[in-house]
Every structure is written in C-alpha cells, then in structure tokens.
Amino acid sequence: MKGKELVHRLIQMLITLFGVSLLTFSLMYLSPGDPVEMLLEVADTIVSEETIAETRAQLGLDKPFHVQYFRWLAGVLQGDMGMSYSAKMPVADRLWQSLPGTMVLAASATVTMLLISVPCGILSAVYRNRPLDYLIRGISFLGVSMPSFWVGLILLYVLGLKLRLFPIAGGEVSFDRMILPTLTLSIAMAAKYTRQVRTAVLEELGQEYITGARIRGFPMHKILWRHVLPNACLPLITLLGLQIGWLLGGVAVIEMVFSWPGLGKMAVHAIEMRDYPLVQGFVLWIAVLYMGINLLVDISYTYLDPRLKKGGC
Amino acid sequence: MGKLIKDKFLFWLYTFFVLLILGFAIFAPWLAPYDPYDAVMRQSLQAPSDGHLFGTDKLGRDCLSRIIYGARTSLMMTLSLVAVITVVGTFIGVLAGYMGGKIDTVLMRIVDMMLAFPGIVLAIAIAGMLGGNIVNAILALAAVSWTKYARLGRSLTLKLRQRDFIAAAVTSGSRPLHILWRHILPNILPTIVVTAAMDIGTMIMELAGLSFLGFGAQPPTPEWGLMLNEGRQHIQTAPWLMLYPGAAILIVVTIFNLWGDSLRDIMDPQRVN
C-alpha cells in the first residue's frame, strides 16, 4: 500500500467513525430511557424535580441535539470522551480498565482458533470426499449452527461444574479462568474458518502447477508447505480480519456468560444503565479497533504478496 | 445428472423438516401439553419426568411447552427480520444500480460505512438503547444487515443493465418503474431468495443472542435465547433449563442451514462443491 492510498484509507476511516458516532448519538437521543433518573436512582434517595432538572442541565442533556453532539465531538477530538454516569469516572479511563481483559481473550481465542482450524481445513482439503473430510465438515457444520453462548454454558456445566477442571466464577483476568471462554469463542470461530481454509486450499490444489509438481514426483507434504500454504495464505488473512469483526461482537455475549471483566460486559451494563457517554465511547473504540485491524491486514498484503511489493499494480 | 436428482431429493427432505418446524410453531396451542405462561409455584424447578418431559422452570412452567411456543416467537421474529432486510436492501440496491450517478454514490457510501463496522456490536447498542423488546431487536438487526442485500441487488442489476433485452425495453419506451418491476426484479429474484434462505439460520441465532443479553424478547415471552438466560442462573441445580432451549436452537438452525444450502444447490446446478 502506497502513501497516497494510505491517506485515502485513513480519511475513509474518519468518515465512517463520524457516521457511526452520529448514528449512535441520535439513537441515544431518541431512546426512551432517562439517564438522569437512572443516575439519581443509583444514589438511592428520593429526588425532587429541581434536582432532576439541575442534574440534567449539569450533564448538558437539556440542550438541543446538535449542540450536544458537537460538544461531545469537540471533546473526543481533544481526547476527552466525557464522564461515565454509572462508573463516575472519565469514559477513557473506564475503557482502559476493561480493554486488557477483552484483548487477552480475543488474542488467545484467535490463536486457539488458528491452531484448530488450519490443520483441520488442510486435512479436509487433502482428504477431500473421504471419511476424514466428511467428519471434519460435519463437525464444522454443527459448530456453525450452535449458538456460542449455549456452547459456553455447556462447557461451563460439564468442564466447570461436573468435572471441576476449571474455576467457574469469573471476575478477574487469570489464565485458568480464561480457558473456558477462550475455548467457547474459538469453537465458534473455528467452525467457520475451517471451511474457509478448506476452500482456499482446495482452490490452490486445483491449479495446474500442483498437478505438474505431483507428476514430477514431489511428495505431498513438500508441495503443501512450499506451494499451497503460502498461496492460500493471502485470502485467509482477509477472512481472518472479518472473523475478528465477529469476535468483537461475540466476545460481548461470552463475557456475560463467564462474567469476564472486559469491554463487552462493561458495554452491556452501560446500556442497561443508560450510561450514554460510556456506550458511545465503547462503540467508537470497537470501530477503531476493527478498522485498525483491517488496515493492518491490507498493509500486510504489501509485504506478503511480492507482486505488490514491486509496485507493479 | 445423478447429482441433480440427489440434490432435489435432499432439498425436498429438508423442506419436509422445515415444514415440520413451521407446523410446531403454527400448531403450538394443540401440541404443547401445558400453557407456557401457567406458573405453578409448587412445581418449580422439577427435573424432567413423565409429567413434564423437559422439566419445569423457576416459576413452575412446563419447559417443553415453552420450547414449542418458543418456535413461534423465534420464527416470527426471524421471518419478519429476513423479509424486512431482503425487501429494503434489495430495493435500495436495485435503485442504486439502475439509477447510477449521485444516488448510487451516496447509497453505496452508506453501505460501505456500515460494512466497515462489526454489525453485531452496533446491533447490541441499538437494541439496548431503544429498549429491549422484540420489535426493537428486529429493527436493530435490520439496521445492520440490509447492506448485504443492497450490495447484491446493485451488482446483479448492474450486470443486467448491459443486456440487450433491457436496452430493447428502454428503446421501446418503457417507463423505468415498469422495467424494474417486469424485467430486472424477476431476473434477480432467485439469487436474492437463495441468499435470504441461507441467512435464516444466522438470523435465528443473532436474535436469540440479543434475547439472551436481555435486549430482545422480554419475560414472560417463551423465547429460546431468553430461556437460556433464565436457565443460566440455575445451571447448578437445574441444568435441563439450559440444555433443551439450546438444543432447540441447534436443531432448528441446522435444518434451516441445510435447507438453505440445498436450495442453492438445486437453483444453481453448475456450481461445484
């Protein structure tokens, strides 16, 4: 990717962020719940009309929509995402608190997913239409049809409660507490990715140069390592970027199942509490993460695909 | 030739199962052994037995009956969602593709924007903010899922526009709406329908996911995602509460996925596996 393209991409990302933030902001403006009441309810006191009006003015919620939006936007551009109503701390701090939990979980789930799906996908492609292929395809088909939160509950019940292999209650980030949520997320992702690996490898195996190599008597494992995998790699990296988009949403549900202290659990609570600044910050944060990852994927192409490195296209 | 016959057989087999599920949903009042809302506190959290095949929940309601009624809720939600995104998305896509110019640019910018963002995250935020109920969950998922159909409708329309019969229709003075309705739509419909059929399974799961988080169906509605959420609190004492609703989702989603794939296979026989 050249400099000019990169600038173009970054501008496009900014426009998307602007649009997404405008969309969520208008939704919150239109939504029926009243954050002021939720906020004062937490304090557990009987509040007068004046206090409500006062708090509303303090938070700037009595202003018209565009004033509220531009005030928020101006803050964000200066690095200030506002105060979280429910956590009583700056939104940015609250996000930083929850970020490590989600990042660790997402990273370990992605690695586990690759460890499962790459070998399975290759085996499935190499042994196409043989029992092993049918077995792998059958399992991955079932995996695609299983809701991840249910898989999580089953794992929790069998491995956590019955066999007592892992601690069940979450609450803190630690290795043994991470195994079950990692497994749950990677099962759901691996089911999809195995099929994609299979397709990519099959496509490469169908090329004529592979037939040529086999006729000349190269052993299969050598062909796979030297030719098939490097070539199948490129489309798979793009698909991995898309999988991470799913992961960022799926992680919210799984964090709820396992009480894992991450961004997803934080967001669900923030939505329940009508903590608008925090939800707004969360959506923006996820958008930046997702688009950043996909930008990295595209940049990595330049290095992985020699055709692009020469600047030929 | 043999493959097509096999594909057709599979398609009708899966159609039979799909009809079976629809039958469960439609005839729920006659099939369910109990009233799904009927709380009998003295029989709360009973393990599966002859009287209650799938046991009872915290309020003593019969789980089997709630799962059968849950098919109604899930299918009604999913089918309306798929109908909305198919119609709206295709309409916007065809319009953009046929009109071209500024309309096309603006609409496709919006689509690009939506695709550059993980949809389910936005759907969770939208559904939660609008307030958890069935209609809002459908709206939230519709808001992030229509883009796929807009893309598809647009690219199909662009391909068709090059064809001679469209040029003939234009030269013979047909009005644009007539061309869209009589010439474009019938030609793109099969692809759109197949895509929609293959989407049903995913949508069932995403709607159940929203309900599981508390941003979809609300108690006391019998809905599988919500039942899983309620069952989660009793995982230690009453595991059947989370086992059966999840199994129901798994079975129904599997059948719809198989049906969608087999529909694609018979509509597009040249396509190799």
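About the criteria used
- Residues numbered from 1 in each chain as written.
- Chains lettered and ligands numbered in written order.
- Predicted model: local features only at pLDDT ≥ 70, side-chain atom pairs only at ≥ 80, totals over all residues.
- Helix = DSSP H or I, 4+ residues; strand = E, 2+ residues; numbered from the N terminus.
- Buried ≥ 20, exposed ≤ 12 C-beta atoms within 10 Å, placed from the backbone.
- Contact = placed C-beta atoms within 7 Å.
- Nonpolar A, V, L, I, M, F, W, Y, C, P; charged D, E, K, R; others polar.
- Axes fitted to C-alpha atoms, helices over the stretch in contact; angles between N-to-C directions.
- Parallel < 35°, antiparallel > 145°, perpendicular 65-115°, else oblique.
- Left-handed = near helix turned anticlockwise from the far one by under 90°.
- Core = buried A, V, L, I, M, F, W, Y, C linked by C-beta atoms within 7 Å.
- pLDDT = per-residue confidence, 0-100.

Visitor: Could you give an account of the overall build of chain B, naming the residues involved and the relevant values?
Guide: A tally of helices and strands in chain B yields 10 helices and 0 strands. Going from N to C terminus, chain B has its helices and strands arranged as α-α-α-α-α-α-α-α-α-α. For the C-alpha atoms alone, the extent of chain B along its principal axes is close to 75 × 50 × 30 Å. A burial count over chain B gives 45% of its 273 residues as buried. Taking the contacts inside chain B whose residues are at least 6 apart along the sequence as the reference set, 70% of them involve residues at least 24 apart.

Visitor: Residue-level account of the overall build of chain A, with values.
Guide: Of the regular secondary structure elements, chain A holds 13 helices and 2 strands. Projected onto its principal axes, the C-alpha coordinates of chain A cover approximately 85 × 60 × 30 Å. Classification of the 313 residues of chain A by burial places 35% in the buried group. Contacts in chain A between residues far apart in sequence, at least 24 positions, make up 72% of those at least 6 positions apart.

Visitor: Tell me about the interface of chain A and chain B, and please be specific about residues and values.
Guide: The interface is formed by 35 residues belonging to chain A together with 32 residues belonging to chain B. Elements with a minimum of two residues in the side of chain A that touches chain B: helix 1 (3-30), helix 6 (131-145), helix 7 (148-162), helix 10 (220-258), helix 11 (263-272) and helix 12 (276-304) of chain A. Among the elements that line the side of chain A that touches chain B, the one with the most residues is helix 10 of chain A, at 7 residues. Residues belonging to the side of chain A that touches chain B are distributed by class as follows: 27 nonpolar, 8 polar and no charged.

Visitor: An account of the packing of helix 1 of chain A against helix 5 (residues 119-130) of chain B is requested, with residue identities and associated values reported.
Guide: Running from N to C, helix 1 of chain A and helix 5 of chain B point in directions that differ by 15°, and their axes come no closer than 9 Å. In terms of orientation, helix 1 of chain A lies roughly parallel with respect to helix 5 of chain B. Our pair here, helix 1 of chain A against helix 5 of chain B, has a crossing hand that is left-handed. Packed against helix 1 of chain A, whose contacting residues are T24, L27 and M28 of chain A, the element helix 5 of chain B presents A125, I126, M129 and L130 of chain B at the interface. In the contact of helix 1 of chain A with helix 5 of chain B, the residues fall into 6 nonpolar, 1 polar and no charged.

Visitor: Go over the packing of helix 1 (residues 2-26) of chain B against helix 10 (residues 240-267) of chain B with me, naming the residues and quoting the values.
Guide: Residues and elements named next belong to chain B. Interaxial distance between helix 1 and helix 10 falls to 9 Å at its minimum, and their mutual angle equals 145°. In this structure, the crossing between helix 1 and helix 10 has a hand that is left-handed. Two secondary-structure elements touch here, helix 1 through D7, K8, L10, F11, Y14, T15, F17, V18 and I21 and helix 10 through V252, I255, F256, L258, W259, S262, L263, D265 and I266. Taken together, the residues of the contact of helix 1 with helix 10 sort by class into 13 nonpolar, 2 polar and 3 charged.

Visitor: So, unusual backbone geometry: which residues are in play, and what are the values?
Guide: In the segment running from P219 of chain B into P220 of chain B, the intervening peptide bond is cis, with an omega of 5°. Turning to its location among the elements, P220 of chain B is positioned in the loop between helix 8 (176-213) and helix 9 (224-232). A positive phi angle is found at N129 of chain A, which is not glycine, with a value near 60°. Mapped onto the elements of the fold, N129 of chain A is located in the loop between helix 5 (91-126) and helix 6. Residue N129 of chain A is classed as exposed on the basis of its 10 C-beta neighbours within 10 Å. Residue R164 of chain A is not a glycine yet carries a positive backbone phi of 55°. Along the chain, R164 of chain A turns up in the loop between helix 7 and helix 8 (175-205).

Visitor: Go over the environment of W259 of chain B, please, and point to the residues and values.
Guide: All names here are of chain B. Structurally, W259 is set in helix 10. For W259, a count of 24 C-beta atoms within 10 Å translates into the label buried. Along the primary structure W259 and F17 are separated by 242 residues, whereas in three dimensions their C-alpha atoms are 8.7 Å apart. The contacts of W259, once residues within four sequence positions are left out, are Y14, T15, V18 and A197.

Visitor: Describe the environment of P167 of chain A, naming the residues involved and giving the relevant values.
Guide: Residues and elements named next belong to chain A. Relative to the assigned elements, P167 resides in the loop between helix 7 and helix 8. Judged by C-beta crowding, with 14 C-beta atoms within 10 Å, P167 ranks as partly exposed. With 13 residues separating them in the primary sequence, P167 and L180 have C-alpha atoms 9.1 Å apart. Those residues in contact with P167 that lie beyond four places of it in its chain are D176 and R177.

Visitor: Report on the nonpolar core, specifying residues and quantitative values.
Guide: The biggest cluster of nonpolar side chains holds 140 residues, and the ones touching the most others in it are V279 of chain A together with A123, I124, I126, L141 and I204 of chain B. The dominant element in this core, judged by the number of residues it contributes, is helix 8 of chain B, at 14 residues. The residues contacting I124 of chain B, other than those within four sequence positions of it, are G249 and A252 of chain A together with L210, L213 and F215 of chain B.

Visitor: An account of the confidence of the model for chain A is needed here, citing residue identities and associated values.
Guide: Averaged over every residue, the pLDDT of chain A is 84; the share at 70 or more is 93%. Across chain A, helix 6 of chain A holds the top mean pLDDT of 93, while helix 2 (residues 35-43) of chain A sits lowest at 68.

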